[in-house]
Amino acid sequence: MAGTLLLDSEGLSTLYRKDRRTLALVQAAREEGVRVATTALTTIEADHARLHPARVRWVLSRIDVHDVTRATADRATALLREHHLHGHRYAIDAVLAAVARASPGPVTVLTSDPEDLGLLCGPGVEIAKV
């Protein structure tokens, strides 16, 4: 693989909604051999009643969904502590950042929250705004 494109909640939501820019970005990533992924927690955050369950299943069948293991949770907790952030507000972002830091590079995170994720991911991860 030639890197990883991680989707945060808004990145995943735009894919669910068939946003042209996101669809084109994901297609280009796939064509270049870039792995497109998210986390199991992000799938929960991005889901809502207006989404057709078949659309959600189809999108998730085409990307990698990282389980939140104890090791991932430990890395996310360490990131929160390092940056003096509370899990109540930043838990899902911290999990995504922990996955980003452990993913094959180069890594890009597609997010609506570049400031927080940029802080948690660090300089080794590119942040792209949705």
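Up top is the structure.
A brief report on the enclosed structure follows. Per-chain numbering applies: the sequence of each chain, read as written, is numbered from 1 onward. It should be noted that, the model being predicted, local features are given only for residues of pLDDT at least 70 and side-chain atom pairs only at 80 or more, the latter also being counted only at that level, while totals for whole chains, interfaces and linings use all residues. Remark: hydrogens and water are excluded; side-chain values derive from all non-hydrogen atoms of the structure.

## What to know about the layout of surface pockets
Inclusion rule: Grid spacing is 1 Å over the protein atoms alone, the probe is 1.4 Å, and a cavity is where that probe fits but cannot get out, while a pocket is an open set with protein on both sides within 12 Å along at least five of seven lines and lining residues have an atom within 4 Å of a point. Grid points are joined across faces, edges and corners, and a volume is the space filled by probe spheres set on the points. Secondary structure counts use DSSP, requiring at least four H or I residues in a row for a helix and at least two E residues in a row for a strand, with both numbered from the N terminus. Charged means Asp, Glu, Lys or Arg here, nonpolar means Ala, Val, Leu, Ile, Met, Phe, Trp, Tyr, Cys or Pro, and polar covers whatever is left, Gly included.
By volume, the largest pocket amounts to about 190 Å³. Residue lining of the largest pocket: 13 residues in total, with L5, L25, A29, V34 and T108 positioned closest to the centre. Looking at the lining of the largest pocket, the element that brings in the most residues is helix α2 (residues 20–31), giving four residues. Here the lining of the largest pocket is built from residues that sort into eight nonpolar, two polar and three charged.

## Let's talk about the packing of helix α5 (residues 70–82) against helix α6 (residues 87–102)
When two helices pack together, their arrangement is captured by the angle between the axes and the distance separating the axes. Just so we agree on the cut-off: Angles shown run from 0 to 180 degrees and are taken between the N-to-C directions of axes, each axis being a line fitted to C-alpha atoms and, for helices, limited to the stretch in contact. Crossing handedness is defined as follows: a turn of the near helix away from the far one that is anticlockwise and smaller than a right angle gives a left-handed crossing, while the clockwise case is right-handed. In what follows, residue pairs with any heavy atoms lying within 4.5 Å of each other are defined as contacts.
Look at α5 against α6: their axes get within 8 Å of each other, and the N-to-C directions meet at 115 degrees. As α5 runs across α6, the sense of the crossing is right-handed. Contact with α5, carried on its side by T72, R75, A76, L79 and L80, involves G87, Y90, A94, V95, A97, A98, V99, R101 and A102 of α6 and no other residues of that element. Among the residues making up the contact of α5 with α6, the classes are represented as ten nonpolar, two polar and two charged.

## Some words on the packing of helix α1 (residues 9–16) against α2
Note the threshold: Put simply, angles under 35 degrees are roughly parallel, angles over 145 are roughly antiparallel, angles from 65 to 115 are roughly perpendicular, and the rest are oblique.
In contact at an axis separation of 8 Å, α1 and α2 are set at 100 degrees when each is read in the N-to-C sense. Between α1 and α2, the angle falls in the class roughly perpendicular. Counted together, G11, T14 and L15 of α1 and T22, L23 and V26 of α2 form the full contact between these two elements. Of the residues that constitute the contact of α1 with α2, the class distribution is three nonpolar, three polar and no charged.

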